[in-house]
Amino acid sequence: MPPMTLWEAIRTQALTTPDAPAVLAHGYPTVTYAAFWQTMQQTVAALRAAGIGSDDLVATALPQGPSAVIVPMAVQAAAGICPIDPAAPAPDLEADLRASGATALLAPAGGPPSLKAAADCVGIPLIELHEAAAAGEVTFRYAATATLPPAPPAWATAISPGVVGRTSGTTGIPEWVR
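Per-chain numbering applies: the sequence of each chain, read as written, is numbered from 1 onward. The model is predicted, so local features are restricted to residues of pLDDT at least 70 and side-chain atom pairs to those at 80 or more, both for listing and for counting; the totals for chains, interfaces and linings are taken over all residues. To obtain the side-chain values, all non-hydrogen atoms of the structure were used and water was disregarded.

Bringing the overall build of the protein chain into the picture now. The helix count covers DSSP runs of H or I at least four residues long, the strand count covers runs of E at least two residues long, and both are numbered beginning at the N terminus. Of the regular secondary structure elements, the protein chain holds five helices and nine strands. Listed by position from the N terminus, the elements making up the protein chain come as α-β-β-α-β-α-β-α-β-α-β-β-β-β. Throughout, exposure labels follow a simple rule: accessible area from a 1.4 Å probe, protein chains only, divided by the maximum for the residue type, with under 20% read as buried, over 50% as exposed, and the rest as partly exposed. Across the 178 residues that make up the protein chain, the buried fraction comes to 42%. Across the protein chain, contacts joining residues at least 24 apart in sequence account for 58% of those joining residues at least 6 apart. We call two residues in contact when some of their heavy atoms are within 4.5 Å.

Before going further, it helps to spend a moment on the nonpolar core. Across soluble globular proteins, nonpolar side chains have a tendency to be buried as a group. If you look at the biggest cluster of nonpolar residues, it comprises 27 residues, and the most contacted ones within it are Met 40, Leu 47, Ile 52 and Leu 106. Where this core is concerned, the elements lending two or more residues are helix H1 (6–16), helix H2 (33–49), helix H3 (67–76), strand S5 (104–108) and strand S6 (126–132). Ranked by the residues each element gives to this core, the list is headed by H2, at six residues. In terms of nonpolar packing, the next biggest core, distinct from the first, is built from 17 residues, Leu 57, Ala 59, Ala 61 and Leu 97 among them. Take the buried Ala, Val, Leu, Ile, Met, Phe, Trp, Tyr and Cys residues and link them wherever side-chain atoms come within 4.5 Å; each set so joined is a nonpolar core.

We now examine the packing of helix H4 (residues 90–100) against helix H5 (residues 113–122). In this analysis, axes come from line fits to C-alpha atoms, helices being fitted only over the stretch in contact, and the angle between any two N-to-C directions falls in the range 0 to 180 degrees. Where H4 meets H5, the axes come as close as 9 Å, and the angle between the chain directions of the two elements is 45 degrees. Relative to H5, the element H4 is oriented oblique. Crossing hand, H4 versus H5: right-handed. Across from Ala 90, Leu 93, Glu 94, Leu 97 and Arg 98 in H4, the residues of H5 making contact are Ser 114, Leu 115, Ala 118, Ala 119, Cys 121 and Val 122. When residues are sorted by character, Ala, Val, Leu, Ile, Met, Phe, Trp, Tyr, Cys and Pro go into the nonpolar class, Asp, Glu, Lys and Arg into the charged class, and all the rest, Gly among them, into the polar class. For the contact of H4 with H5, the per-class residue count stands at eight nonpolar, one polar and two charged. Any angle that is under 35 degrees is reported as roughly parallel, and any over 145 degrees as roughly antiparallel; angles of 65 to 115 degrees are reported as roughly perpendicular and all others as oblique. Left-handed describes a crossing whose near helix is turned anticlockwise from the far helix through less than a right angle; right-handed describes the clockwise counterpart.

Here we take up the pattern of salt bridges. When a carboxyl oxygen of Asp or Glu is within 4 Å of a side-chain nitrogen of Lys or Arg, the pair counts as a salt bridge. If you walk through the whole model with that rule in mind, you get two salt bridges. In this structure, the salt-bridge partner of Arg 98 is Glu 94, at a minimum N-O distance of 3.4 Å. Pair noted here: Arg 98 and Glu 94 are both in helix H4, with a separation of four residues, about one helical turn. According to the relative accessible area criterion, Arg 98 is partly exposed, its value standing at 47%. Asp 120 is the partner of Lys 116 in a salt bridge, and the nearest nitrogen-oxygen pair spans 2.8 Å. Taken together, the residues span about one helical turn, with Lys 116 and Asp 120 both in helix H5 at a distance of four residues. Under the relative-accessibility criterion, Lys 116 is labelled partly exposed at 39%. Assessed through its relative accessible area of 34%, Asp 120 is described here as partly exposed.

With that settled, the discussion passes to the environment of Ile 124. In this structure, Ile 124 sits in the loop between H5 and S6. With 20 residues separating them in the primary sequence, Ile 124 and Ala 104 have C-alpha atoms 5.1 Å apart.

Next up on the list: the pairing of S5. With respect to burial, S5 is a largely interior element, four of its five residues being buried. Strands are labelled as partners when DSSP assigns at least two bridges between them. Relative to S5, strand S3 (residues 57–60) runs parallel, the two being bridged by three bridges. By the bridge assignment for S5, Val 58 is matched with Ala 104.

Moving on, we come to H4. Along H4, the residues classified as buried are Leu 93, Asp 96, Leu 97 and Ser 100. Buried residues in H4, looked at end-on, bunch into an arc of 95 degrees, giving them a common side. Positive phi shows up at Gly 101, right after H4, with a value of about 80 degrees. For this quantity, the arc is that covered by the directions from the helix axis to the C-beta atoms.

Purely spatial values, then, with no claim about function.
Have a look at this one:
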């Protein structure tokens, strides 16, 4: 089997065994490979429509559950990802968005108001995640808090940013590492 990206592997699995379970989480419906692949395609399309390109960085503030597994992998098919703590105080959220260089924030619809406020303060778009847990689906809607030009339809490549994380700051002030 030739080497392939994670999203190519998920696509292959979705084509060969679409109804096989891809994500199992206690208390949530099973997400199949077909649903996982559909979510990846929706994510890339939603991010491109929001003006997010493969060289951009998307901050994610996600709750526990299937979306915490599916969405980061789907975002990485389109751009770099920077997980942030949705429960952090507003000044910390704003500082994290600025320091990380995030181009957009992806967060659950109806999430803490501090997330939208931080995105607005930094001047980046908020992309709201609407999760239909009963059907094991994740769909996206773009809420315009800032405008970006449309991005080309390409998927991320080996030279696109990957995951950007924050150090714990044990040697002083926490830093963002690419």
